[in-house]
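An overview of the molecular structure
This is what each chain is made of:
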Amino acid sequence: MSETQTAAIILAAGLGTRMKSTLPKVMHPLAGRPMISHLIDTVDQIGAARAVCVIGEEMEGVAKAVAPRETAVQVERLGTGHAVAAARPVLGDFAGDVLVLYGDTPLITADTLEAMLAMRHSAANPAVVVLGFRPDDPGAYGRLVTDAQGGLLEIVEYKDATDDQRAIDLVNSGVMAIDGSVLWSLIDRVGNDNAKGEYYLTDIIAIARADGRTCAFVEGDEQELLGINSRAELADAEWIVQERLRRYMMDSGVTLIDPATVHFCHDTQVGRDTVIQPNVVFGPGVTIGEGVTIKAFSHIEGAAVAANAQVGPYARLRPQAMIGEGAKIGNFVEIKKATVERGAKVSHLTYIGDARVGAEANIGAGTITCNYDGFLKSHTDIGAGAFIGSNTALVAPVKVGDGAIVGAGSVVTKDVPADTLAVTRAKQVGIEGWAKAFRERRAAEKARLAALKNKS
Ligand code: UD1
Ligand code: MG
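Residues numbered from 1 in each chain as written. Chains lettered and ligands numbered in written order. Predicted model: local features only at pLDDT ≥ 70, side-chain atom pairs only at ≥ 80, totals over all residues. Heavy atoms only, no water.

1. Some words on the overall build of the chain
The cut-off we apply is this: Each helix is a run of DSSP H or I of at least 4 residues and each strand a run of E of at least 2, with the numbering of both proceeding from the N terminus. Based on C-alpha atoms, the radius of gyration is set beside the globule rule, defined as 2.2 Å times the residue count to the power 0.38. The cut-offs for exposure are 20% and 50% of the maximum accessible area for each residue type, with area from a 1.4 Å probe on protein chains only; residues under the lower value are buried, those over the upper are exposed, and the others partly exposed.
Secondary structure assignment for the chain yields ten helices and 33 strands. Its C-alpha atoms give the chain a radius of gyration of 32 Å, more than 25% over the compact-globule value 23 Å for 456 residues. Based on the C-alpha atoms only, the size of the chain along its principal axes is roughly 110 × 65 × 40 Å. Scored against the burial criterion, the 456 residues of the chain give a buried share of 46%.

As C-alpha cells, then:
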C-alpha cells in the first residue's frame, strides 16, 4: 500500500435520456440501492480520502444519496474534461492520486482501481493511467493508441479517428487515475476543437506526453465496465450484481439450490449452513442466522431470522419481523413489526402484525391479529406456550397470557389470563335425526316438481 492519498471524481451530470425516467440515471437502483451508491462503496473500500460527485442542476436527490461525500454542480454539459473541471472548486488542490469514474458505470471493482493505482506508482511514474478494455464490439468507444513498449500515446475519440485508429480493438473505459499534482494544469489546456465541439478529458494524455510525462494503461474486464444507458442495460447490470451476491453467499457457506432464482439486496446477511430454496426475494435490511431454511417463494425485507428457524414456503416477512431461534413460519403467513420468539410456530395462513408471540406458542391456521382500526395500530401480546385455535381474530390491543388456550373460531377482544381457556363462539347444538328428515323432505319436493314438468 502506498502512502499517497486518493480522491475520486465521479461524473454523474448526464441526464440519461435513454432511461426515459424522471429519476436521474445514477439514482436507478441495483440490488436495492442507487447505482451511484455502489461506486461510493467501492471508493470507500479503497480508502479514498475524498470523493466528489459531479452532478447536474436539480439533482439534490443524488447529493443526498452520496452524502457525506461531496458534490459539485456542472451547469452546462460541455464534455468530460469540462465535467472534471467542475469538481475543482470543491476538490481544490489535491496532490495525491485522482481517480475519475463514471456514475453510470457502477460495476467496477476495488481490485481494478487498486491495480490502476499500483500502475500509477510504477517506476515510470505515469501522469495518467487509463483503464482500457477489449470489447467484442469496440463500437464508438475512444481508441487507445499505444507504442510497442505498452506506453499510452493518446486517446482518439471515435468521431475524430482515422480508419486505422478505428481498427484498434483496445478502447477507453473512461476510468482514469491521474497524478493530482498536475491534474489542473492538464485540464486547463484541454480545448474543444474537435468533431463533437466538447472538452474531451481524453486529451490530457497527449498534453501530459507533450510535457515529457509518460502515460500508461491497464486492461480491465468488459463485464465490469458495462455502462448503463437504458433499462435493458440496467437489467444486464442487475444480473451481474446478483451473480456477484449469489457467489459471495455460496462462498460464505450458504446453500442456494437454484442460485439464479434467488434475488439478494446489497446488504443481505446470511449465516452459514443456511439453505435457500428457489425463488426467494430479499429486500433491504435482512439478517438471517445460521442453519436457517428459507423455503421456496418467500419474500423477506427488513426482517431478522435467528438460527435454525424455518421460513416458508410462500412466507412474507415484512419490516421489523423478528423470528426467534428454531421458530417456524409456514405457508401463506405474513409477519410485520412482530417478534416471534424461540420455538414458536405460526404454520399456516396467518397475519401477525404489531405483536409478540411468546416462546413455544402455537398459532393455529387462519389466526389474524386485528391491529388496525382504520386510524391507529394496536399491539397484541401472546404469552409463552399459549395455544391459539384456528381462525381466531385477536382484536388489538389485547393480551393472551402464558400457557392460555383460545378455542378455534374465537374473536378475542378482552385479555386472557395465563393458563385460561377463552372461547367466544356460540354454543353448539345437535338435533338428532334432523339431517335425515331434511334430505327426505327435499328429495320428495324435487321429484314432485320433475313430474309436473314432464306432464306439461
Ligand atoms: C467517453 C470517452 C470515451 C470512452 C467512453 C466510455 C471522452 C471524451 N470520451 O465518451 O473515450 O470510450 O466515454 O464510455 O471522455 N458527463 C458529465 N458531464 C459532461 C459530459 C459527460 O457529467 O459534460 C458524464 C456522463 O454523465 C457520463 C460520463 O461523463 O457518466 C461519460 O460521458 P459520455 O457523454 O457518455 O461520454 P462518451 O461520449 O461516451
Ligand atoms: Mg457514453
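Having seen it, we continue.
2. Some details on the nonpolar core
Cut-off, in case you're wondering: Residues enter a nonpolar core if they are buried and are Ala, Val, Leu, Ile, Met, Phe, Trp, Tyr or Cys, with the set joined through side-chain atoms within 4.5 Å.
One finds Ile276, Leu317 and Ile335 to be the most contacted residues of the largest nonpolar core, which totals 89 residues. The dominant element in this core, judged by the number of residues it contributes, is helix α9 (residues 231-251), at six residues. In this structure, Leu11, Val52, Phe94 and Ile187 belong to the second largest nonpolar core, which totals 35 residues.

3. Quick word on the packing of aromatic side chains
Put simply, the rule reads: Side-chain rings of Phe, Tyr and Trp, where Trp is taken by its six-membered ring, are said to pair if the distance between their centres is within 6.5 Å; with planes under 30 degrees apart they count as stacked, over 60 as edge-to-face, and otherwise as tilted. Any Lys NZ or Arg CZ that is within 6 Å of a ring centre and within 35 degrees of that ring's normal is treated as a charge sitting over the ring.
Scanning the entire structure with this criterion turns up five aromatic pairs. Summarising the aromatic geometry, the rings of Phe133 and Tyr141 are spaced 5.2 Å apart at their centres and angled 80° between planes, so their arrangement reads as edge-to-face. Since its relative accessible area comes to 2%, Phe133 is described here as buried. On the basis of an interplanar angle of 15° and a centroid distance of 5.1 Å, the ring pair of Tyr314 and Phe332 is categorised as stacked. Of this pair, Tyr314 sits in the loop between β20 (310-311) and β21 (316-317) while Phe332 sits in strand β23 (residues 328-340); the two residues are 18 residues apart in sequence, bridging distant segments of the chain. On the basis of relative accessible area, Tyr314 is assigned to the partly exposed category, the value being 39%. Through successive ring pairs, a cluster of aromatic residues spans Phe297, Tyr314 and Phe332. Positioned above the aromatic ring of Tyr158 is the side chain of Arg166, whose terminal nitrogen or guanidinium carbon lies 4.1 Å from the ring centre. Arg246 extends its terminal NZ or CZ atom over the ring of Trp239, reaching a point 4.9 Å from the ring centre.

4. Observations concerning the domain arrangement of the chain
Selection rule: What fixes the domain bounds is an automatic or database domain assignment.
Assigned domains of the chain: these are domain 1 (6-225) and domain 2 (253-422). When each unit is reduced to the centre of its C-alpha atoms, the spacing between domain 1 and domain 2 is 48 Å.

5. Considerations on the site of ligand 1
Rule in force here: The nearness test applies per residue and asks whether one of its heavy atoms lies within 4 Å of the molecule or strand. A 3.5 Å cut-off defines polar contacts: any pair of N or O atoms within that distance qualifies, except that in protein one atom must be a possible hydrogen donor and the other a possible acceptor, and neighbouring residues in sequence count only when both atoms are side-chain atoms. A cavity, in this analysis, means grid points on a 1 Å lattice covering only the protein atoms where a 1.4 Å probe fits yet has no way out; a pocket is instead an open set bounded by protein on both sides within 12 Å along at least five of seven lines, and a residue lines either one if it has an atom within 4 Å of a point. A cavity or pocket is said to hold a molecule if more than half of that molecule's atoms lie within 2 Å of its grid points. Three classes are used, and their members are as follows: Ala, Val, Leu, Ile, Met, Phe, Trp, Tyr, Cys and Pro are nonpolar, Asp, Glu, Lys and Arg are charged, and the others, Gly among them, are polar.
Taken together, 20 residues form the shell around ligand 1, and within it Gln74, Thr80, Gly142, Glu157 and Asn172 come nearest. Taking Leu11, its main chain carries an N or O atom lying 3.5 Å from an oxygen atom of ligand 1. Gly14 has a polar backbone atom sitting 3.0 Å from an oxygen atom of ligand 1. With respect to the pocket detection grid, ligand 1 is positioned in the largest pocket. Elements that contribute at least two residues to the shell around ligand 1 include exactly β1 (6-12), α3 (80-86) and β10 (171-179). For the shell around ligand 1, the residue count by class is eight nonpolar, eight polar and four charged.

6. Details of the pattern of salt bridges
Selection rule: Note on definitions: salt bridges are taken to be side-chain nitrogens of Lys or Arg within 4 Å of carboxyl oxygens of Asp or Glu.
According to the stated counting rule, one finds 19 salt bridges in the structure shown. For Asp44, the salt bridge goes to Arg69, with nearest N and O atoms at 2.8 Å. Taken together, the positions of Asp44 in helix α1 (residues 35-45) and Arg69 in the loop between α2 (60-66) and β5 (70-73) put the pair 25 residues apart, joining distant regions of the chain. Relative accessible area serves as the criterion here: at 17%, Arg69 is assigned to the buried category. A salt bridge links Lys336 to Asp354; its shortest N-O distance comes to 2.8 Å. On the criterion of sequence distance, the pair formed by Lys336 in strand β23 and Asp354 in strand β24 (residues 345-357) is long-range, its members being 18 residues apart. Here the salt bridges share partners, and the residues they tie into one network are Asp97, Arg120, Asp179 and Arg213.

7. Let's talk about the layout of surface pockets
Applied cut-off: Grid points are joined across faces, edges and corners, and a volume is the space filled by probe spheres set on the points.
Roughly 1,400 Å³ of volume is contained in the largest pocket. Lining the largest pocket are 43 residues, and of these Thr80, Tyr102, Asp104, Lys196 and Asn229 lie nearest its centre. The set of elements that each furnish at least two residues to the lining of the largest pocket consists of β1, α3 and β10. Considering every element that reaches the lining of the largest pocket, the biggest residue donor is β10, with three residues. Partitioned by chemical class, the residues of the lining of the largest pocket number 15 nonpolar, 17 polar and eleven charged. Taken together, 21 residues make up the lining of the second largest pocket; nearest its centre are Arg33, Asp41, Gln45, Arg244 and Leu245. Broken down by secondary-structure element, the contributors of at least two residues to the lining of the second largest pocket are α1, α9 and β13 (269-270).

8. Things to note about a negative patch on the surface
The following threshold applies: A patch consists of residues whose relative accessible area exceeds 30% and which take part in no salt bridge; residues with like charges are grouped when within 9 Å of each other, and nonpolar side chains (Val, Leu, Ile, Met, Phe, Trp, Tyr) when within 5 Å. Note on areas: these come from Shrake-Rupley sampling with a 1.4 Å probe, and a residue is covered only by the protein chains present in the view. Only four residue types enter the tally: Lys and Arg on the positive side, Asp and Glu on the negative side, with His and both chain ends excluded. To locate a charge, take NZ of a lysine, CZ of an arginine, CG of an aspartate or CD of a glutamate.
Taken together, the side chains of Asp136, Asp137, Asp221 and Glu222 present a region of like negative charge at the surface. Turning to its location among the elements, Asp137 is positioned in the loop between β7 (128-133) and β8 (143-146).

9. A look at unusual backbone geometry
Across the chain, the bulk of peptide bonds are trans and the bulk of non-glycine residues have phi less than zero. A cis amide bond links Ala67 with the next residue in sequence, Pro68, at an omega value of 5°. Within the element layout of this structure, Pro68 appears in the loop between α2 and β5. Here the bond from Gly312 into Pro313 is cis, since omega is 0°, no more than 30 degrees from zero. Among the secondary structure elements, Pro313 is positioned in the loop between β20 and β21. Positioned with a positive phi, Gln320 is a non-glycine residue whose angle comes to about 65°. Among the secondary structure elements, Gln320 is positioned in the loop between β21 and β22 (321-323). When its relative accessible area of 48% is taken as the criterion, Gln320 is described as partly exposed. Phi is positive for Lys337, close to 40°, though the residue is something other than glycine. Along the chain, Lys337 falls in strand β23. Judged by relative accessible area, which is 43%, Lys337 ranks as partly exposed.

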